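What follows is each chain in one-letter form.
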Amino acid sequence: MNLLIVGAGQAGVQLAGSARDLGWEGPITLVGQEPHAPYARPPLSKAFLKGEAPLASLALRSAAFYADKRIDLVTGEHIDRIDLAGDGTGMATSATGHRWRFDRLVLATGARPRRLPIEGAGLDGVLSLRDVRDAQALAGRLATATAVVVIGGGFIGLEVAATTAAAGIPATVVEAAPALMNRVVSTATADIVATAHRTAGIQVRTGLRPVRLRGTDGAVAAVELDDGEELPADLVVVGVGAQPRDELARAAGLRCDDGIVVDARSLASDGHTIAIGDCANLPDPSPWSHDAPRLRLESVDNAVEQATSAAATLAGLDRPYRGVPWFWSDQGKLKLQIAGLARPDDEIVLRPGRRPGQHTALRYRGAQLVAAECVNSPADFLAMRRALSEGISLPRTTATDTDMSLKEHFAIARSADLKESQCP
Amino acid sequence: MPKVFYTQPDGRQDVIEAAAGDSVMQTAVRNGVSGIVGQCGGSLSCATCHVFLAEENADDFAPVGDDEDEMLDCAATERQDNSRLSCQLILREGHEVHVTIPETQL
């Protein structure tokens, strides 16, 4: 039985190893499009961009790992055609004409940066950041840049802006929404983050939309905003989200709708093919998500956990993907950690920090604690991640009581739950 | 070449030849040592690389930092005096390091 995994990012690598651990006995082939062995992407906007972490230090696994697990790692091959027989078997063909016959197929094709649909987006000096090549290009430009405009105030944009400012280069972040990290964190947290970036010397401009990039001799020179203002820029970094790379799946006849549509066992519409990671459109894995809309999750946590669950599916086990999604973003001196998926209308309850610079926003849906946004508060984050996975909640008045840590509050709630369940 | 001895909760041991400059966490994850997750890649965001460091290695590494300290307090397996986040244990040439992996990381 041949297992073929298309896409050698975090999800594909995890699935290859987990499938072997769970007893897949036949050949496992992991095909990646990039020339490098699989690597971690999060440092690309931070340590790697600063030149503090060479590519070798980003390797997800060692050569010995692939050898020990008998995983055939193929790099530099772009699969551009998949023929499915209907029973899950089929053939994949690469742009160079190589072919792989498979009994089971896993698509872990990831996502690509969304392009800016405005005039001038193709000018020299307009970059986005997704892979090592992008990061190397960006690092090269940063070496000589004098004014950087980041379009998009999400995780990647803010991380790049923080790295830019730390290098002493003037940086401006332009975000079309009224607040940074729109839809990902509450406005309370977004405001704290915006203030910290402004203090670090970054211009943060929200509620403004770029309408055109102006160039001189083919190179970008300025960003024109919808209020008529022009921001001079010799480097523009576009971080306006990503789109799933689902075209292979589409062409193979699998159902796609903002990603490859899968069930909780990561099975696509043919009932055989698996899709995992950034390219998958999946049921919300959170607890209390029975009425939640489907979504895509772009995170290391999701890549690893969904792949682990999908490897169980391949092994014939019934382990639907459940878990509390979590995210982190290091932006200069800010450590932002998020546990759980909040909705825009979930209530915001602030828990005061113990030290300056700390901030924790708890999110409530009715009486249920569903998420937490933690700035420079790793203890709160860890306590929340664990409590959410256990389904433990706290009344608002308890959660905001700083005489005890969240961990201590949860320990009391946990033992109360236990007593209740023991005394009918 | 540094060498790391990883002991599982059940007593099984993995011995891995590491590279100087890599962390005890990176070495484990890259070589498929189970029980060390390291999802955040060493940026002190996840606390899933908790280990108990052998007494003879206690002075081989930089002391516990503020974030590490705060995260160890909330690790999934209760903290002990010799608890460390293994992403903070950077290996040097010739190092021989012994760590024990806790029951759970999440």
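Calculation rules
Residues numbered from 1 in each chain as written. Chains lettered and ligands numbered in written order. Predicted model: local features only at pLDDT ≥ 70, side-chain atom pairs only at ≥ 80, totals over all residues. Axes fitted to C-alpha atoms, helices over the stretch in contact; angles between N-to-C directions. Helix = DSSP H or I, 4+ residues; strand = E, 2+ residues; numbered from the N terminus. Parallel < 35°, antiparallel > 145°, perpendicular 65-115°, else oblique. Left-handed = near helix turned anticlockwise from the far one by under 90°. Contact = placed C-beta atoms within 7 Å. Domains from an automatic or database assignment. Nonpolar A, V, L, I, M, F, W, Y, C, P; charged D, E, K, R; others polar. Pairing = 2+ DSSP bridges. Buried ≥ 20, exposed ≤ 12 C-beta atoms within 10 Å, placed from the backbone. Core = buried A, V, L, I, M, F, W, Y, C linked by C-beta atoms within 7 Å. Arc of directions from axis to C-beta.

**Q** What is the right way to read the packing of helix α9 (residues 378-390) of chain A against helix α2 (residues 66-73) of chain B from this model?
**A** The interhelical angle for the contact between α9 of chain A and α2 of chain B, taken along N-to-C directions, is 25°, at an axis separation of 8 Å. When the interaxial angle is binned, α9 of chain A and α2 of chain B end up roughly parallel. By crossing handedness, the relation of α9 of chain A to α2 of chain B is classed as right-handed. Mapping the contact onto sequence places Pro378, Ala379 and Leu382 of chain A in α9 of chain A and Asp67, Glu70, Met71 and Asp73 of chain B in α2 of chain B.

**Q** Can you help me understand the domain arrangement of chain A in this one?
**A** A common way to state how big an interface is: give the accessible area lost once the parts meet. Residues and elements named next belong to chain A. Partitioning chain A into structural domains gives domain 1 (3-112 + 243-314), domain 2 (126-240) and domain 3 (342-422). Contact residues are listed per partner, giving 7 residues for domain 2 and 8 residues for domain 3. In terms of residue class, the side of domain 2 that touches domain 3 is made up of 4 nonpolar, 2 polar and 1 charged.

**Q** Please explain the interface of chain A and chain B as it appears in this structure.
**A** Between chain A and chain B, the contact holds 24 residues from the first and 16 residues from the second. Here the side of chain A that touches chain B gets 5 residues from one element, more than from any other, and that element is α9 of chain A. Residues belonging to the side of chain A that touches chain B are distributed by class as follows: 13 nonpolar, 3 polar and 8 charged.

**Q** Whenever I open this one, the sheet that holds strand β25 (residues 368-375) of chain A confuses me. Can you help?
**A** Across a sheet, paired strands are connected by hydrogen bonds in the backbone, their directions being either parallel or antiparallel. Residues and elements named next belong to chain A. With respect to topology, 5 strands assemble into an open sheet ordered β21-β22-β25-β24-β23, the strand pairing being antiparallel. The open sheet has two edge strands, β21 (326-331) and β23 (347-352), and neither has a second partner. Neighbour-to-neighbour, the strand axes of the sheet open up by a mean angle of 20°, direction not taken into account. Where strand β22 (residues 334-339) lies against β25, 4 bridges are found, and the strand directions are antiparallel. Paired with Ala339 across the bridge in β25 is Ala372. Relative to β22, α9 is tilted by about 10°, and along the sheet it contacts β21, β22, β23, β24 (359-365) and β25.

**Q** Looking at this structure, how should I read α2 of chain B?
**A** Along an α-helix, residues three or four apart share an orientation, since each turn contains 3.6 residues. Along α2 of chain B, the residues that are buried comprise Glu70, Met71 and Leu72 of chain B. Next to the buried residues of α2 of chain B lie α9 of chain A together with β4 (83-85) of chain B.

**Q** Is there a simple way to explain the nonpolar core in this structure?
**A** Among the nonpolar cores identified, the biggest contains 153 residues, and Leu15, Val236 and Ile260 of chain A are the most heavily contacted of them. Excluding anything up to four places from it in sequence, Val236 of chain A contacts Gly125, Val126, Val149, Ile151, Leu213, Val220 and Val223 of chain A.

**Q** Hey, could you run me through unusual backbone geometry in this one?
**A** Keep in mind that most residues, glycine aside, have a negative phi and that most peptide bonds are trans. All names here are of chain A. Even without being a glycine, Asp258 presents a positive backbone phi close to 50°. Within the element layout of this structure, Asp258 appears in the loop between α7 (247-251) and β18 (260-261). Overall, Asp258 belongs to the exposed group, with 12 C-beta atoms counted inside 10 Å. With a phi close to 70°, Ser266 is a non-glycine residue in the positive phi region. Among the structural elements, Ser266 can be located in the loop between β18 and β19 (274-275).

**Q** Honestly, helix α4 (residues 132-142) of chain A in this entry has me stumped. Any pointers?
**A** All names here are of chain A. Of all the positions in α4, only Ala135, Leu138 and Leu142 are classed as buried. On an axial view of α4, the arc spanned by its buried residues comes to 65°, and they lie on one face. Exposed and facing more than 90 degrees away from the buried side of α4 are Arg133 and Gly140.

**Q** Help me understand the pairing of strand β2 (residues 13-17) of chain B in this model?
**A** Looking along a regular strand, one sees the side chains alternate between the two faces of the sheet. Residue and element names in this part refer to chain B. Here β2 lies mainly on the outside; 0 of its 5 residues are buried. Where strand β1 (residues 3-7) lies against β2, 5 bridges are found, and the strand directions are antiparallel. Paired with Thr7 across the two strands is Gln13, which belongs to β2. In textbook terms, the turn of a hairpin is the stretch between consecutive antiparallel strands, and for β1 and β2 this stretch comprises 5 residues, one of which, Gly11, has a positive phi near 100°.

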